[in-house]
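Here are the chains, one letter per residue:
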Amino acid sequence: MNRMRRWFGKGDRRVLALTLPIILSNATVPLLGAVDTAVVGHLDSPHYLGAVAIGALIFSYVFWSFGFLRMATTGLAAQAYGRRDPNGVRAVFARAALIAIVAGFAVMVLQWPIIELAMSLIAPTPAVEAAARDYFHVRIWASPATLMQYCMLGWLLAMRDSKAVFIFQVVLNSLNIILDILFVQGFGWDVRGVAGATVIADYSGVVLGWFLMQKHLKRLGGSWRGIGILDRVQLAKLMKINGDIFIRTMALTSAFALFTSFSARFGEVTLAANAVLQNFLMFGSFALDGFAHAAETLVGQAYGAERRKQFLWAVRKTTIWGIVSALAMAVVFALAGPWVIDALTSIEDVRAASYEYLLWAVILPITGVLGFQFDGVFLGAMQTKQWRNMMLLSVAIYGVFAWVAVSMGSNHMLWAAFNGFFLLRGVTLAALFPTIIPDRRQKVV
């Protein structure tokens, strides 16, 4: 019993209490996507499925460009919380919310060039394009609410309230699912019903998020007055951080785009097999993201409080649990991999190709875990310049090896380059980690 307490103590329970609700809330996201697919998949034409897929792709790209609203809010608010600066915590949210509102309305104003550019690049069939436009022109009205949710989720994570994050995601996605079924199956509104459900759910989510924030605002104290929301120095700092996060996010997106693009060079079967196997990374990211978010929050608070011992403890504990979860997922993927492949596709040629390259997908959690963890560490410490630069370096090296793989006609080598990219992300950040540790002369727990 004493030995168990030594290895699984109060600190471990603290990390898991923060992480598990995040993992569970992450799992609701693909469930919503599955319901969206199911409700339109039972309509009288397959073009509706294509329309929703295209519409979701457009909004994922547009909204993910503003992913810094979630990430920067978590790191900066956690640091202000660690400094015991209640007005600073409020100011972080207020500045992010201001950007979200302005950006959300800007997206709505620019909806015509966005949809025209998207349609020209994707070039779908006329039926799919018409339905995709219907979906787009309804869902676009959720833009301010969607971006505001990023700010609220980031702020609640900074407060270490993973239960609120879980409630937020479950209620939001459950409402979306119910409205999906009602509007599409009940009222017959086809893809416009799917988009309308998202709009209503997103604005409802803003109301719920504000309600969930109240207990923390009361506990923190402080006031919204005099927080300096338009302080030039703080705004300049925020925009610099947001710029770093934006560049890093676009680089990561480009790495996935390269993998898909190069996969297509090997033919339709290999492309399909690689797409099936990428789902393993999506499944694994639920847990890895959970521990990365925990690191982001705990590291941010320790860094803001200038507590070296607490900082190192947060990095050590979350990383250990991240590695444990990565190893466990690799074992599960190895044992259940063929069954998962069979569940995802019934095409025998694609199944056979997926079995051949399965090992590369199995080890993705192991090669990727350090990258996920140090993403959280560097975000919590708000050391975004190094974080951005190491991502750019990793993508550049990966691009070279991926190109060599295609030149040699080897999909195995392409998968090796993909795994190498994830490993390189973690190794480069780990090498820089000593440079961001708080000075020994600073306060300790």
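The rules behind the values
- Residues numbered from 1 in each chain as written.
- Predicted model: local features only at pLDDT ≥ 70, side-chain atom pairs only at ≥ 80, totals over all residues.
- Heavy atoms only, no water.
- Helix = DSSP H or I, 4+ residues; strand = E, 2+ residues; numbered from the N terminus.
- Expected span 1.5 Å × (residues − 1).
- Buried < 20%, exposed > 50% of the residue type's maximum accessible area, 1.4 Å probe, protein only.
- Arc of directions from axis to C-beta.
- 1 Å grid on protein atoms, 1.4 Å probe; cavity = no way out; pocket = protein on both sides within 12 Å on 5 of 7 lines; lining within 4 Å.
- Points joined across faces, edges and corners; volume = space filled by probe spheres on them.
- Nonpolar A, V, L, I, M, F, W, Y, C, P; charged D, E, K, R; others polar.
- Contact = heavy atoms within 4.5 Å.
- Phe/Tyr/Trp six-rings, centres within 6.5 Å; stacked < 30°, edge-to-face > 60°.

Asks: Honestly, helix α7 (residues 126–139) in this entry has me stumped. Any pointers?
Replies: Working note: α-helix, 3.6 residues per turn, so residues spaced by three or four point in the same direction. The terminal C-alpha atoms of α7, which comprises 14 residues, lie 20 Å apart, in line with the 20 Å expected from a rise of 1.5 Å per residue. When we look at burial in α7, the residues that qualify are V128, A131, A132, Y135, F136 and R139. The arc enclosing the buried residues of α7, seen along the axis, measures out at 140°, which places them on a common side.

Asks: I would appreciate a short explanation of the layout of surface pockets in the present structure.
Replies: Empty space among the atoms becomes visible once a probe the size of a water molecule is rolled across them. Approximately 240 Å³ is the volume attributed to the second largest pocket. Taken together, L76, Q79, A80, R83, D85, G88, A91, V92, R95, Q234, K237 and L238 form the lining of the second largest pocket. For the lining of the second largest pocket, the secondary-structure elements that each account for two or more residues are α4 (68–82), α5 (86–109) and α11 (232–264). It is α5 that contributes the most residues to the lining of the second largest pocket, 4 residues altogether. Its residues placed into classes, the lining of the second largest pocket shows 5 nonpolar, 3 polar and 4 charged.

Asks: Help me out: how do you make sense of the side chain of N411 in this one?
Replies: Tracing the chain through its elements places N411 in helix α17 (residues 411–432). Using a relative accessible area of 4% as the deciding quantity, one classes N411 as buried. Apart from residues no more than four positions distant in its own chain, N411 is found in contact with F266, T270, N274 and Y357.

Asks: When you look at the side chain of S325 in this model, what are you seeing that I'm missing?
Replies: Mapped onto the fold, S325 is located in helix α13 (residues 308–344). Since its relative accessible area comes to 13%, S325 is described here as buried. If we ignore the near neighbours within four places in the chain, the residues touching S325 are A287, L288 and F291.

Asks: Quick question: what am I supposed to make of the packing of aromatic side chains here?
Replies: Note on aromatic pairs: each is described by the distance of the centres and the angle between the planes. One pass over the structure, following the stated rule, counts 22 aromatic pairs. With a centroid separation of 6.3 Å and 70° between ring planes, the pair formed by F93 and W155 is classed as edge-to-face. Taken together, the residues F93 in helix α5 and W155 in helix α8 (residues 143–158) connect sequence positions 62 residues apart. You'll find F93 and W155 in the same group, each marked buried. The interplanar angle of 70° and the centroid separation of 4.9 Å between the aromatic rings of F259 and W415 together place this pair among those described as edge-to-face. With a gap of 156 residues between them, F259 in helix α11 and W415 in helix α17 connect regions that are remote in the sequence.

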